[in-house]
Amino acid sequence: MQLLNPDEGLLAIRLARGAIEYTIVKKPKPMVHLTPVFSEKRGVFVTLTKQGQLRGCIGFPYPVMPLGDAIEDAAVAAALEDPRFPGVGKNELVDLDFEVTVLTVPVTLECDPQDRPTHVEVGRHGLIARGFGTSGLLLPQVATEYSWDAKTFLDHTCEKAGLPRNCWTKNNVEILTFEGQIFTGTFKGSV
């Protein structure tokens, strides 16, 4: 997968910010010239924080739409549709920071379940736990932010899926890994 260069990272940030500002305060979307990578189907998550606390995080783990569209859709959903939080109000925009995380395609971790921690690289891999009709995802930066080891990261990913913490040790639970390229931005001074 082709990585985004720093200029494309800035474009990703402008797309996310512009989509949120357009939706919440009806500010016109910025005119940006998108490079070909934004036409490729990619997974992406947009994370919003306010004073260091999570305010919304929504995305697409799989490449289901062109990256440019996925960034805009995920940004608006993170601001207004994360069921854990009320929608972001226009007076909050200046206090928000955000991350755009562009994902590689998730791949199944092919090893004995007991060996999974040795195949998870904290700080590099994000995880998806899938089983019993449910799934949960944690981005690569989450384990680093909380100083988790691989076993703890696996436990929390299972918990995010609504499964028992140690379910990653079972054959009937699938664990997938992916990587993410992270770009950060702020709304300060932009509204």
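Notes on the structure follow. (Residues numbered from 1 in each chain as written. Predicted model: local features only at pLDDT ≥ 70, side-chain atom pairs only at ≥ 80, totals over all residues. Heavy atoms only, no water.)

**What about the sheet that holds strand β8 (residues 180-186)?**
Pairing in this open sheet of four strands is antiparallel, and the strands run β2-β1-β3-β8 from one edge to the other. Both edges of this open sheet fall to β2 (53-60) and β8, since each of them pairs with a single strand only. On average, each strand axis in the sheet is inclined to that of its neighbour by 15°, with strand direction left out of account. Bridge count for strand β1 (residues 43-50) against β2 is seven bridges, and the pairing is antiparallel. By the bridge assignment, T49 is partnered in β2 with L54. Of the strands in this sheet, β1, β3 (96-103) and β8 are in contact with helix α1 (residues 6-25), which crosses β3 at around 125°. (Pairing = 2+ DSSP bridges. Helix = DSSP H or I, 4+ residues; strand = E, 2+ residues; numbered from the N terminus. Axes fitted to C-alpha atoms, helices over the stretch in contact; angles between N-to-C directions. Contact = heavy atoms within 4.5 Å.)

**Brief notes about the side chain of T169**
Structurally, T169 can be placed in the loop between α5 (150-160) and β7 (174-178). Overall, the relative accessible area of 18% leaves T169 in the buried class. Here N166 takes part through its backbone oxygen, which lies 2.8 Å from a polar atom of the side chain of T169. Leaving out residues up to four positions away in the same chain, T169 has contacts with P113 and Q114. (Buried < 20%, exposed > 50% of the residue type's maximum accessible area, 1.4 Å probe, protein only. Polar contact = N/O pair within 3.5 Å; in protein donor to acceptor, adjacent residues only side chain to side chain.)

**Details of the sheet that holds strand β5 (residues 126-131)**
Pairing within the open sheet is antiparallel, and its four strands lie in the order β4-β7-β5-β6. With one partner strand each, in any of the chains shown, β4 (107-108) and β6 (134-138) form the two edges of the open sheet. Taken together, the five bridges between β5 and β6 define a ladder with antiparallel strand orientation. The partner of A129 across the bridge, within β6, is G136.

**Section: the environment of E174**
Considering the arrangement of structural elements, one finds E174 in strand β7. Sequence separation between E174 and S135 is 39 residues; the distance between their C-alpha atoms is 9.2 Å. Excluding residues that lie within four positions of it along the chain, E174 makes contacts with T108, R116, I128, A129 and R130. Of the polar contacts made by the side chain of E174, one reaches the side chain of R130; its length is 2.7 Å.

**Details of the environment of K170**
For K170, the location among the structural elements is in the loop between α5 and β7. According to the relative accessible area criterion, K170 is partly exposed, its value standing at 42%. Measuring from C-alpha to C-alpha, the distance between K170 and A70 comes to 33 Å, with 100 residues separating the pair along the chain. Among all residues touching K170, those that are not within four sequence positions of it are P113 and R116.

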